[in-house]
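What follows is each chain in one-letter form.
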Amino acid sequence: MTEDLDHRFSYLTWDQIKILDQVLTEAIPIHGRGNFPTLEVKPKDIIHMVKEQLIEKQIHVRDIRLNGSTASHILVKHNGTSYKDLDIIFGVELPSELEFQVVKEAVLNCLLDFLPKCVNKQKITAQTMKDAYVQKMVKVSTDHDRWSLISLSNNSGKNVELKFVSSLRRQFEFSVDSFQIILDSILAIYRASDRPLTQDCHPAVIAESMYGDFSQAMDHLKYKLISTRNPEEIRGGGLLKYSNLLVRDFKPADEAEIKSLERYMCSRFFIDFPDVAEQQRKIESYLRNHFIGEEKSKYDYLMTLRGVVNKSTVCLMGHERRQTLNMITILALKVLGEQNIIPNAANVTCYYQPAPYISDRNFSSYYIAHGQPPVFYQPYPFHIQLQSGMV
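Residues numbered from 1 in each chain as written. Predicted model: local features only at pLDDT ≥ 70, side-chain atom pairs only at ≥ 80, totals over all residues. Heavy atoms only, no water.

Engineer: A description of the overall build of the protein should follow, citing residues and the corresponding values.
Structural biologist: From N to C terminus, the protein includes 12 helices and 16 strands. Each of the 391 residues in the protein was classed as buried or not, and the buried ones make up 47%. At a minimum sequence separation of 6, the contacts of the protein that also span at least 24 residues come to 68%. For the protein, the exposed area adds up to about 20400 Å²; of that, 48% sits on carbon and sulfur atoms. (Helix = DSSP H or I, 4+ residues; strand = E, 2+ residues; numbered from the N terminus. Buried < 20%, exposed > 50% of the residue type's maximum accessible area, 1.4 Å probe, protein only. Contact = heavy atoms within 4.5 Å. Areas by Shrake-Rupley, 256 points an atom, 1.4 Å probe, with all protein chains shown as cover.)

Shown next, in the form of C-alpha cells:
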C-alpha cells in the first residue's frame, strides 16, 4: 500500500499484473446456439472494440474495470479462490433509453467482427446475434440505479459479462468480492505495442476496494474471512453468496456481528422473493450459474443455506418459514438423486403439516407418487439415513 493513494486504492504488484495480463489476453470461447460457430474472444480485444463503438456513438466512457471474483483471483491467487464469469464494467452515462439501445447495438455489432471470414455478415441482424450468443440481458433504470448487463454465453460457465454502469448505489456484496481493477492503463499499452509486458516495462495498474478499506478487504480475502456492511441494501440480502462462502470454508470475521447480519440477509431475501416458487427459481438459477463442474458441492451448499434460513429467519410466519425450509430440503434431495446417492426425489409430493385444529382423521400429511421406488418424506423433523451419516 503506497502513501500517495487513498486507503480505498492500491497498486498491483508485478506478479498480479502478470496474472491480469494472462486473463485479458487469453481467448475465451463464446458458444453459439444451433449452427452458429464458437467465437474465440480475447477480453482485451472485445473491450477495445466496444469502447471504440461507444465513443463513435458519442457515449463518454469514464473508465473500464475488472470486477468481482476475477479481480479477487488476480489479487490473491493462492488461497483456493477461483472465478467463473469475467465481469467487465464500463463507466458510462446513460441519461435516456436511447443510450441503453446504443450500448446493446454496440456489443452485438462487435460480435459480428469475431465471426469467421467465410460467414456472410450482411444477412445477419443484431437480433440474430443476440439469439445466438447472448445468455442474458438486464436493464435497470431507476432514480438511483442506471445500468445494463450483457452476458455472453460460455458452456463451462465462464461467461463474459459486459456491464455498463451510469450509477449504482451498491457495487459489492462482501469485502472479498469488492475489488475492482482499473484497466485503462494496461489497455493503453496493448493498443500502443504488441510487445509482451515485462517486469521492467509495464504500466502502473490500480485496484480499488468498494468496501472502503483496501488493506482490510485484502486481509479478509487472504485469510478467507466474511465481512459486509448493510446487507439489507443488497438485492437478495447477499444470502445466497454468503452461504456459498461458508461452503468454501470462509469464516465470519466477527462471530457476534454475523448473527445480526444473517437476520438482515434473510429479511431482505424474503422481501425480494416473497413467494416460495420465486425463491426456488432464484436458488436453482444460483446453482446453475455458480456450481458448474461442482455438482458434489450443491448438496452441502443447500444444507448450509437451509441452516442459515432455519436459525436466522425472523420475518416470516411459521408456516411460510416451514414452506421455504421444505423447498430447500426437496432441492437437496433432488441433488442427491441426480448423483445416484438416493433414489430420485422427483416423485415426492409434499403436503405441509396440518395445523392443530384440523381434526379430519382422513387427512394425509404426505403423499408418495407411484412409478419408481419411493422416498419416504416425513415433514417434521426431517431425517434421511445415509451411508455417510444422518442428515
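Engineer: Got a sec to walk through the sheet that holds strand β4 (residues 61–67)? Specific residues and values, please.
Structural biologist: With mixed pairing, eight strands are arranged side by side in an open sheet as β1-β10-β9-β4-β5-β8-β7-β6. The sheet is open, and its two edges are formed by β1 (9–11) and β6 (134–141), each paired on a single side. Averaged over neighbouring strand pairs, the angle between their axes works out to 20 degrees when direction is ignored. When β4 meets strand β9 (residues 179–182), the two strands line up antiparallel, connected through three bridges. Looking across to β9, one finds that Arg-65 is bridged to Ile-182. Strands in contact with helix α2 (residues 43–56) are β4, β5 (86–92), β7 (146–152) and β8 (160–167); relative to β5, the strand with the most contacts, it is inclined by about 20 degrees. (Pairing = 2+ DSSP bridges. Axes fitted to C-alpha atoms, helices over the stretch in contact; angles between N-to-C directions.)

Engineer: Give a description of unusual backbone geometry that names residues and reports values.
Structural biologist: You will see that Lys-224, though not glycine, has its phi angle at about 55 degrees, which is positive. For Asp-249, which is not glycine, the phi torsion reads 70 degrees and is therefore positive. Inspection of the secondary structure puts Asp-249 in the loop between α8 (239–247) and β12 (251–252).

Engineer: Any chance you could break down the packing of helix α11 (residues 297–312) against helix α12 (residues 318–338) for me, citing the residues and the numbers?
Structural biologist: It is the contact of α11 with α12, at a shortest axis distance of 9 Å, that shows an interaxial angle of 170 degrees. Relative to α12, the element α11 lies roughly antiparallel. From α11, Lys-298, Tyr-299, Leu-302, Met-303, Leu-305, Arg-306, Val-309 and Asn-310 reach across to α12, where they touch Arg-321, Thr-324, Leu-325, Ile-328, Thr-329, Leu-331, Ala-332, Val-335 and Leu-336. In the contact of α11 with α12, the residues fall into 11 nonpolar, three polar and three charged. (Parallel < 35°, antiparallel > 145°, perpendicular 65-115°, else oblique. Nonpolar A, V, L, I, M, F, W, Y, C, P; charged D, E, K, R; others polar.)

Engineer: Describe the environment of Pro-116, and please don't skip the residues or the numbers.
Structural biologist: Relative to the elements of secondary structure, Pro-116 occurs in the loop between α4 (97–112) and α5 (126–133). According to the relative accessible area criterion, Pro-116 is partly exposed, its value standing at 32%. Sequence separation between Pro-116 and Thr-38 is 78 residues, and the spatial gap between their C-alpha atoms is 9.4 Å.

Engineer: Could you give me a rundown of the nonpolar core, with the residues and numbers involved?
Structural biologist: Ranked by internal contacts, the top residues of the largest apolar core, which has 99 residues, are Leu-20, Leu-54, Phe-90, Phe-164, Ile-181 and Leu-183. Per-element accounting of this core gives the leading share, nine residues, to α4. In this structure, Leu-183 is in contact with Leu-20, Leu-24, Ile-47, Ile-64, Arg-65, Leu-66 and Ile-88, ignoring residues within four places of it in sequence. (Core = buried A, V, L, I, M, F, W, Y, C linked by side-chain atoms within 4.5 Å.)

Engineer: Go over the packing of aromatic side chains, please, and point to the residues and values.
Structural biologist: Scanning the entire structure with this criterion turns up nine aromatic pairs. Here the aromatic rings of Phe-90 and Phe-164 are separated by 4.9 Å at their centres, their planes lie at 20 degrees, and the arrangement is stacked. Of the two residues, Phe-90 is situated in strand β5 and Phe-164 in strand β8; the sequence distance between them amounts to 74 residues. Among the aromatic side chains, those forming a connected cluster through ring pairs are Phe-269, Phe-270 and Phe-273. The ring of Phe-172 carries the charged tip of Arg-170 above its face, separated from the ring centre by 4.3 Å. (Phe/Tyr/Trp six-rings, centres within 6.5 Å; stacked < 30°, edge-to-face > 60°. Lys NZ or Arg CZ within 6 Å of the ring centre and 35° of its normal.)

Engineer: So what about helix α7 (residues 214–222)? Which residues, and what values?
Structural biologist: Of the positions making up α7, those classed as buried are Phe-214, Ala-217, Met-218, His-220 and Leu-221. Angular distribution of buried residues about the axis of α7 spans 155 degrees; they occupy a single face of the element. Considering only its buried residues, α7 is in contact with β1, α1 (14–25), α3 (68–75), β9, β10 (206–209) and β11 (225–226). Measuring from the side-chain oxygen of the N-cap residue of α7 to the backbone nitrogen of Ser-215 gives 3.1 Å; that N-cap residue is Asp-213. Two residues or fewer after α7 comes Lys-224, characterised by a positive phi angle close to 55 degrees. (Arc of directions from axis to C-beta. Polar contact = N/O pair within 3.5 Å; in protein donor to acceptor, adjacent residues only side chain to side chain.)

So, to be careful, I would describe these as geometric facts and stop short of saying anything about function.
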